Amino acid sequence: MKEFVISEVKAETTVLVGLITQNQDEAKTKEYLDELEFLADTAGAVTVKRFTQKVAGPSQVTYVGKGKLEEIKQYIKDEEENERPVGMVIFDDELSAKQIRNIEGELGVKILDRTSLILDIFAMRAQTANAKTQVELAQYRYMLPRLQRLWTHLERQGGGSGSGGGKGSVGLRGPGETQLEMDRRIILQRITLLKQRLLEIDKQKTTQRKNRGRMIRVALVGYTNVGKSTLMNLMAKSEVFAENKLFATLDTTVRKVVVDNLPFLLADTVGFIRKLPTDLVDSFKSTLDEVREADLLLHVVDISHPDFEEQIQVVEKTLSELGCAEKPCMIVFNKIDNYTWIEKEEDDLTPIRKENITLEELKRTWMARLNDNCLFISAKQRENIDEFRSVLYKKVRELHVQKYPYNDFLYPQMEG
């Protein structure tokens, strides 16, 4: 069966395509395309060009308008003539089977959307049997409604009985219909098998969690690439894979951490992202169970990112969908060493923009809003880590006394 997501890292060149709409202005589209370029880079592709178009909404036929598609086609043709072939075109939104088929027919190169790109990165990052199973399930769920496009070479075979017959028969009669139905049945059987396998993994994970003893569970959550794994390595003195790429962590890692005389469990979880496919959230249920069963969430935020406030909203929305909105949560603003701001001229009377706000002003704003439920650190440079440990100790101890009222869990207090 033909696959249409990349299965290995190749230094392919790619073109990105996004829309500017009533709900998504030019600045927002640029931010989304910046993120899409980072995703492409993580997958091993090099972005050579971006195309955007102002429209009321995506075309149901080709996503962009006819003129814009012709412009992209001409660019690909020109690059090929100059011996700089474009390997694929990536669209910033999820495409339907019809859109993919039409665009591919016009451009003649590989077509990916944001969802298939994310799935490809997940497939590349998956290390354990659990993660691989979850990624495979998400990929099949993505492929199922797009099956017809895999068999466009059979469209000429009208064949079959019935009035009209021949070319243009409804629904690809004859061999085409047989192949489509066969593929659909194979995929549905495979999805059922993968779901059963994940149920078994769920049972194993539940048993493991029950055997962890009387310790508070703390989960690191947040947008992808905000430094969760770096903070995990710092706190647990572990060697969790950390890299300046998106979705460096796929498998949940749980470590025992001791602060002062208090042991607790710290879990590093998969990062969230804008426009995260629903199928992916569903498929990663067993991984995200660590978040559901946590007693305290540490929401790590990259404060140096220009759009960190929207990233916070994305994470909060995803947590709400997981049923974790009411859990005790603390925001940890990371990467303060990377924070930059632009000072306004004294005679500049234009309104203050978010890039004009200093780190100290941001601190005062968020501290006033969240009281003692936020901290500002740099995990990489180890700034304010002592304060972080101290605040975390108080919160975990408070939760532990509530959940396990007997103090025999505590290690002996160290005399310093």
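Let us look at the structure shown here.

Re the layout of surface pockets
Then, in step 1: Space inside the second largest pocket adds up to approximately 350 Å³.
Then, in step 2: Along the wall of the second largest pocket there are 19 residues; nearest its centre are His 305, Pro 306, Tyr 339, Lys 354 and Glu 355.
Then, in step 3: Every element with two or more residues in the lining of the second largest pocket is listed here: α11 (308-321) and α12 (359-370).
Then, in step 4: The element best represented in the lining of the second largest pocket is α12, accounting for 5 residues.
Then, in step 5: Its residues assigned to classes, the lining of the second largest pocket comprises 9 nonpolar, 4 polar and 6 charged.

Observations concerning the packing of helix α4 (residues 114-125) against helix α5 (residues 129-143)
Then, in step 1: Viewed as axis vectors pointing N to C, α4 and α5 meet at an angle of 155°, and their least axial separation amounts to 10 Å. The angle between the axes of α4 and α5 places the two elements in the roughly antiparallel class. Judged by the twist between their axes, the crossing of α4 over α5 is left-handed. Counted together, Thr 115, Ser 116, Leu 119, Phe 122 and Ala 123 of α4 and Val 135, Ala 138, Gln 139 and Tyr 142 of α5 form the full contact between these two elements.
Then, in step 2: Classifying every residue of the contact of α4 with α5 by side-chain character gives 6 nonpolar, 3 polar and no charged.

A short note on the sheet that holds strand β8 (residues 296-302)
Paired through their backbone hydrogen bonds, the strands of a sheet run either parallel or antiparallel.
Then, in step 1: Pairing is mixed across the open sheet formed by 6 strands, whose spatial order is β6-β7-β5-β8-β9-β10. At either margin of the open sheet sits one strand with a lone partner, and together these are β6 (253-259) and β10 (374-376). The sheet shows a mean angle of 25° between the axes of neighbouring strands, taken without regard to direction.
Then, in step 2: Where β6 and strand β7 (residues 262-268) come together, 7 bridges link them in antiparallel fashion. By the bridge assignment, Val 258 is partnered in β7 with Pro 263.
Then, in step 3: Across the sheet, helix α8 (residues 228-236) lies against β5 (217-222), β6, β7 and β8, angled at about 45° from β6, the strand it touches most.
Then, in step 4: On top of the sheet, α11 reaches β5, β8 and β9 (329-334); it is set at about 150° to β8, its chief contact.

Quick notes on the sheet that holds strand β4 (residues 110-113)
Then, in step 1: The sheet built from 4 strands is open, its strands ordered β2-β1-β3-β4 with parallel pairing. In the strand order of this sheet, the two ends are held by β2 (45-54) and β4, each with one partner. Strand-to-strand twist of the sheet, defined as the mean angle between neighbouring strand axes without regard to direction, takes the value 25°.
Then, in step 2: Bridge count for strand β3 (residues 88-91) against β4 is 4 bridges, and the pairing is parallel. Among the inter-strand pairings, Met 88 is bridged to a residue of β4, identified as Lys 110.
Then, in step 3: Against the sheet, helix α1 (residues 26-43) contacts β1 (12-20), β2 and β3, and its axis sits at roughly 155° relative to β2.

Description of the packing of aromatic side chains
Then, in step 1: Scanning the model with the defined rule gives 6 aromatic pairs in all.
Then, in step 2: Here Phe 51 and Tyr 75 contribute two aromatic rings whose centre-to-centre distance is 5.7 Å and whose plane-to-plane angle is 75°, an arrangement assigned as edge-to-face. Separated by 24 residues along the polypeptide, Phe 51 in strand β2 and Tyr 75 in helix α2 (residues 66-81) bring together distant segments of the chain.
Then, in step 3: Classification of Phe 51 as buried rests on a relative accessible area of 3%.
Then, in step 4: Their ring planes at 85° and their centres at 6.1 Å tell us that Phe 308 and Phe 333 sit as a pair that is edge-to-face. A residue pair is termed long-range when its members are at least 10 positions apart, and Phe 308 in helix α11 and Phe 333 in strand β9 qualify at 25 residues.
Then, in step 5: According to the relative accessible area criterion, Phe 308 is buried, its value standing at 6%.
Then, in step 6: The class for Phe 333 is buried, based on a relative accessible area of 0%.
Then, in step 7: Here a set of aromatic residues connected by ring pairs shows up, and it is made of Phe 308, Phe 333, Trp 366 and Phe 376.
Then, in step 8: Just above the ring of Phe 51 sits the side chain of Lys 49; from NZ or CZ to the centre is 5.5 Å.

Procedures and definitions
- Sequence positions are assigned chain by chain, starting from 1 and proceeding in written order.
- Per-residue local features are limited, in this predicted model, to residues with pLDDT of at least 70; the limit for side-chain atom pairs, both in listing and counting, is 80 or more; totals at the level of whole chains, interfaces and linings are taken over all residues.
- Water and hydrogen atoms were dropped before computing side-chain values, which therefore reflect all heavy atoms in the structure.
- We place a 1 Å grid over just the protein atoms. Points where a 1.4 Å probe fits but has no way out form a cavity, open points with protein on both sides within 12 Å along at least 5 of 7 lines form a pocket, and any residue with an atom within 4 Å of a point lines it.
- Grid points are joined across faces, edges and corners, and a volume is the space filled by probe spheres set on the points.
- Helix and strand labels come from DSSP, where a helix needs a run of H or I of at least four residues and a strand needs a run of E of at least two; each type is numbered from the N terminus.
- Only Asp, Glu, Lys and Arg are considered charged, only Ala, Val, Leu, Ile, Met, Phe, Trp, Tyr, Cys and Pro nonpolar, and every remaining residue, Gly among them, polar.
- Note on definitions: angles span 0 to 180 degrees between N-to-C directions of axes, and those axes are lines fitted to C-alpha atoms, for helices only across the stretch in contact.
- Should an angle lie under 35 degrees it is considered roughly parallel, over 145 roughly antiparallel, and from 65 to 115 roughly perpendicular; all remaining angles are considered oblique.
- Handedness of a helix crossing follows the sense of rotation of the near helix relative to the far helix, less than a right angle counterclockwise being left-handed and clockwise being right-handed.
- We call two residues contacting when some pair of their heavy atoms lies within 4.5 Å.
- Think of it this way: DSSP has to see at least two bridges between two strands before they count as a pair.
- Only rings of Phe, Tyr and Trp enter the pairing, Trp through its six-membered ring, and a pair is recorded when the two centres are within 6.5 Å. The plane angle decides the type: under 30 degrees is stacked, over 60 is edge-to-face, the rest tilted.
- Exposure categories follow from relative accessible area, calculated using a 1.4 Å probe and restricted to protein chains: below 20% of the type maximum is buried, above 50% is exposed, and the middle band is partly exposed.
- Put simply, a charge is over a ring when the Lys NZ or the Arg CZ is close to the ring centre, within 6 Å, and near the line of the ring normal, within 35 degrees.

Note that every value here comes from positions in space, so none of it alone points to a role or purpose.
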